[in-house]
Amino acid sequence: MDRRTFLGTVAAAGFGAAFEAHSAGEPGQFAGVAAGTFVWTQVLGKQGKDPRENLDLIFEEVHSAGYEGVETFADYVANPVQATRMTGLLDEHQLKLTGLYRGGVFHEEEKAKKTVDEIGQLAEIALALDCLHIIVNPDPLPDREKTDQELDIQAQNLNKAGELAKKAGVCLDVHFHAPELRNDARELRWDMDKTDPALVFLCDDVHWMYRGGVDPYALLEKYGPRVRGTHLRNSVGGVWSEELGPGDIDYARIAERLKKIGYTEWLTVELAIEDKTPQTRPLVESMKMSREFVRQTFGA
């Protein structure tokens with residue numbers, strides 16, 4: 001059954017697929033290299049264009065830059081029409097959907113119920129799209145760290161969401177930004193240490209670890225067995241680079257750590273633009289340069 005036919009069964013049948021903790025890859029090999037679409041939202045946004053109306057263009061550039069997969073946003077497949085369109089675009093551009101990213105409240109019981117229910121629904125859509133990873137970033141608080149009680153509630157709800165994802169046959173991978181890395185990555189460590197390692201996994205965003213003041217090499221080694229996704233970006237002098245290349249993070253060292261822990265999942269190039277980021281070339285050219293850097297550095 002191909003993706004398109006499978007997607008048509010979503011409404012009529014449930015999913016009882018066997019859960020696979022690892023989505024691809026032979027021992028010692030990476031599954032492939034994917035492109036995160038966030039940077040296109042920035043570039044197209046500056047042009048006054050809606051990224052979801054330009055997915056055909058985005059996927060065309062991802063494929064032409066040499067990537068095998070693409071990671072994008074969960075709200076791009078929020079209904080059957082969008083999901084059907086997504087599967088057609090993936091087929092047309094010969095790409096695998098490697099992850100669907102979303103946020104959500106987990107630390108407040110009432111709001112968390114809605115988040116968990118939505119993740120259960122998303123998990124079924126993800127599997128229909130042959131996507132085995134839901135990447136979730138629990139919503140941070142704008143002005144303070146979460147209390148111990150709030151983090152306990154968050155961990156409990158991550159377990160519930162992870163259980164629904166597992167029943168559907170996909171992984172729930174926790175992502176993070178700078179707020180979760182305050183106080184020696186207190187929130188991120190709580191999310192990992194207080195959840196079931198068979199239900200909740202980690203999407204390791206290397207540069208956010210670096211920017212959050214946490215040793216990315218040490219944390220990768222600590223939580224290595226639970227890493228199911230890896231986001232790659234670099235900076236020079238603390239400023240996000242136009243392409244993935246040499247810079248503040250030693251990616252040869254990251255590659256060694258990933259191989260050491262037996263990581264066989266996707267590597268995802270996730271470029272992003274901030275105020276001082278150079279913009280000297282079309283994005284697709286920077287993505288091509290980034291793809292070559294991954295080939296040379298990771299052998300993927």
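Further up the page is the structure itself.
From a predicted model like this one, the values you see are computed outputs, not experimental measurements.

A. Just unusual backbone geometry, in detail. You will see that N183, though not glycine, has its phi angle at about 55°, which is positive. Turning to its location among the elements, N183 is positioned in helix α7 (residues 182–193). Within the chain, A185 stands out as a residue other than glycine whose phi angle is a positive 60°.

B. The state of the cysteines, seen in detail. This model, assessed by the stated rule, comprises zero disulfides. Here C131 is not disulfide-linked; the sulfur of C171 is the nearest cysteine sulfur, at 10 Å. Residue classification places C131 among the buried positions, given a relative accessible area of 0%. Judged by its relative accessible area of 1%, C171 falls in the buried class.

C. Summary view of the pattern of salt bridges. Per the counting criterion, the structure on display carries 21 salt bridges. A salt bridge links R52 to D50; the nearest nitrogen and oxygen atoms lie 3.9 Å apart. For E118, the salt bridge goes to K114, with nearest N and O atoms at 2.5 Å. Of this pair, E118 and K114 both sit in helix α5 (residues 109–128), four residues apart, which is roughly one turn of the helix. Each of D50, R52 and D75 takes part in salt bridges that share partners, so that together they form one network.

D. Region of interest: the pairing of strand β2 (residues 69–73). Most of β2 sits inside the fold, with five of its five residues counted as buried. Inspection of the sheet shows strand β1 (residues 32–36) paired to β2 by three bridges, in the parallel sense. Following the sheet pairing, A35 is matched in β2 by V70. Pairing of β2 with strand β3 (residues 96–104), which is carried by five bridges, proceeds in the parallel orientation. If you follow E71 over to β3, its bridge partner there is G99.

Calculation rules
- Positions within a chain are numbered from 1, following the residues in the order the chain's sequence is written.
- pLDDT decides what is reported in this predicted model: residues at 70 or higher carry local features, side-chain atom pairs at 80 or more are listed and counted, and totals for whole chains, interfaces and linings draw on all residues regardless.
- Hydrogens and water molecules were not included; the side-chain quantities draw on all heavy atoms of the structure.
- Counting from the N terminus, the helices are DSSP H or I runs at least four residues long and the strands are E runs at least two residues long.
- Working definition: a disulfide is two cysteine sulfur atoms within 2.5 Å of each other.
- Exposure classes here rest on a 1.4 Å probe applied to the protein chains alone. A residue is buried below 20% of its type maximum, exposed above 50%, and partly exposed in between.
- What makes a salt bridge here is a side-chain nitrogen of Lys or Arg within 4 Å of a carboxyl oxygen of Asp or Glu, nothing more.
- Strand pairing is assigned whenever DSSP identifies at least 2 bridges connecting the two strands.

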